[in-house]
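# Remarks on the overall topology
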Amino acid sequence: MKATVYNTIISLLLSVNLMAFTTLSSFPVEPEPLNENIFKESIKTIQLYRKGWKLSYPVIELNGEVKLELSFDDLSDEINNYTYKIIHCDFKWNPSPLSESDYIEGFLQNQFNDFQFSFNTYFKYIHYHLILPNQDVNFLISGNYVIEVYEDNFEKIVFRKRFIITEPLVNVVADVQRPVLSRYRNNSQEINFNIEYKSFRIDNPFSDVKVAVLQNGRWDNAIQNLKPLFNKNSVLEYKDNIHNIFRGGNEYRWFDIKSIRYQSPYIKEVIFKNGYFHVYLFPEELRSSGQYFYNQDLNGKYYVEIQEQHDSDLDADYIYVHFSFPFENEIPDGNFYIMGALSGNIYSEYNKMKYNPEMKAYELTILLKQGYYNYRFEFLKEGSKTGDVSYTEGNHYETENDYIILSYFHGSRSRYDRIIGYQIVNSLRKN
């Protein structure tokens, strides 16, 4: 009798656990967004920008005259058969439900045919180049896009980059202000903007329209959950004293390695060792408690250039750059990263600093192509996805920053997220 009761209880428990497992497994799993990343160590200096303007953000208009330009180096002596494909994404950077023929006209898989060998450099590399759209690929719709580059006939992904295609259907009017609230007033910047849609029909603007606001082109700390406060006379007003706020940060640190014949500011030493050049920067200092000073920077970008030659794409060499950030003790609950376009603004092993107890400093060596670079130190706490500069760089409301505002539309009958408006506004320069 006891055995029968015991078996019955066990059966019931197993049934309950099975039902619970089935119920939990039936919930849809949130897909991973297509984040920018590099998957092959020999790939360096990936740049994607508006053709002819290397310091621009990768945003173009649908069917416009401006094109995108993509380039990268492979530190190899052998030509690889690199191919690429284009992926249309939704607002959250997940692949959209469209078929490729819905957003691409032309061939769906294409090769890199434009490549050249480096000339007279210690590091040998092959420079690859691509223009989009081109005779093989044309874009049919606006939205978030990703280009994925592969080798070995699409068996191995090499890297992934994001870009934006817009339609000028609404007008975005924006302004950057010093915050009103006292807790943000001295360390942050408030972005207020309107979306004017007089010539574009939006039936339900509070649900059909989404926006993304980016600081200096970065997606990791973008604001994407904003709702308009008012809708009147076909104007959506986004004026919010709490949710439209970014920490101001500080002007970026910089160094210049366009030439190795002289030591520019912040460079302690240039040596030639084991067949390659090494640049040692002076140990850095904390800037969190200092007063704000304006310094014209590139908002985290870099550009490739060599002073002694004519073709920087092929004549610029690669140099080991050594960073040092003094600290009395190692911080246990997080890591310091060197951030900026030089690391793709990605937190990875590539740009994570290591603590040297003998030198009492965080250190890192990065292989970089000759040019002019912006960077800063960010502390990423364990479990967090966004770094903090309040301790390393400081936050100031006066800092010069770019803000990109993207207006997305997805109506009740739409199949994808369109980008119907785009504006870039600077915290100092009035557009």
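Residues numbered from 1 in each chain as written. Predicted model: local features only at pLDDT ≥ 70, side-chain atom pairs only at ≥ 80, totals over all residues. Heavy atoms only, no water.

## Here's the deal with the sheet that holds strand β4 (residues 68–74)
Strand pairing in a sheet relies on backbone hydrogen bonds, with the paired strands running either antiparallel or parallel. One open sheet accounts for four strands, arranged β2-β4-β9-β8; its pairing is antiparallel. One side of each edge strand has no neighbouring strand; the edge strands of this open sheet are β2 (43–50) and β8 (114–117). Sheet twist, expressed as the mean angle between neighbouring strand axes with direction ignored, is 15°. As paired strands, β2 and β4 are joined by six bridges and run antiparallel to one another. Opposite L48, over in β4, you have L70 as the bridge partner. (Pairing = 2+ DSSP bridges. Helix = DSSP H or I, 4+ residues; strand = E, 2+ residues; numbered from the N terminus. Axes fitted to C-alpha atoms, helices over the stretch in contact; angles between N-to-C directions.)

## Examining the confidence of the model for the protein
Considering every residue of the protein, the mean pLDDT works out to 92; 93% of them sit at 70 or more. The model gives residues 1–26 a pLDDT under 50, and that stretch makes zero contacts with residues more than four places away or in other chains. (pLDDT = per-residue confidence, 0-100. Contact = heavy atoms within 4.5 Å.)

## Topic: the sheet that holds strand β22 (residues 276–281)
Pairing is mixed in the open sheet, where five strands are placed in the order β21-β22-β24-β27-β26. Unpaired on one side and paired on the other, β21 (267–273) and β26 (354–356) mark the two borders of the sheet. Along the sheet, successive strands turn relative to each other by an average axial angle of 30°, direction set aside. The sheet contact formed by β22 and strand β24 (residues 318–326) spans three bridges and is parallel. The residue bridging H278 from the neighbouring strand is Y320, located in β24.

## Describing unusual backbone geometry
Cis geometry marks the peptide bond from L132 to P133; its omega dihedral reads -10°. Summarising the element assignment, P133 is placed in the loop between β9 (126–132) and β10 (137–139). At F154, a residue that is not glycine, the phi angle is positive and equals roughly 65°. Summarising the element assignment, F154 is placed in the loop between β11 (143–151) and β12 (156–166). A relative accessible area of 18% means that F154 is categorised as buried. One non-glycine residue with positive phi stands out, namely S234, at about 60°. The topology assignment puts S234 in the loop between β17 (230–232) and β18 (235–238). Of the residues examined, S234 reaches a relative accessible area of 28% and is grouped as partly exposed. (Buried < 20%, exposed > 50% of the residue type's maximum accessible area, 1.4 Å probe, protein only.)

## Let's talk about the environment of I147
Here I147 shows up in strand β11. On a C-alpha basis, the gap between I147 and F159 in space is 8.4 Å, while along the polypeptide they are twelve residues apart. Apart from the residues lying within four places of it in its own chain, the contact partners of I147 are L70, Y84, K85, I86, L130, L132, F159, R160, K161 and F163.

## Examining the packing of aromatic side chains
Taken as a whole and judged by the stated rule, the model has 45 aromatic pairs. A ring pair is formed by Y337 and Y347, whose centres lie 5.2 Å apart and whose planes are at 85°; its orientation type is edge-to-face. In this pair, Y337 is assigned in strand β25 (residues 334–339) and Y347 in the loop between β25 and β26, connecting sequence segments ten residues apart. Comparing Y337 with Y347, the two get one shared label, buried. The residue whose ring lies beneath R178 is Y397, and the NZ or CZ to ring-centre distance is 3.7 Å. (Phe/Tyr/Trp six-rings, centres within 6.5 Å; stacked < 30°, edge-to-face > 60°. Lys NZ or Arg CZ within 6 Å of the ring centre and 35° of its normal.)

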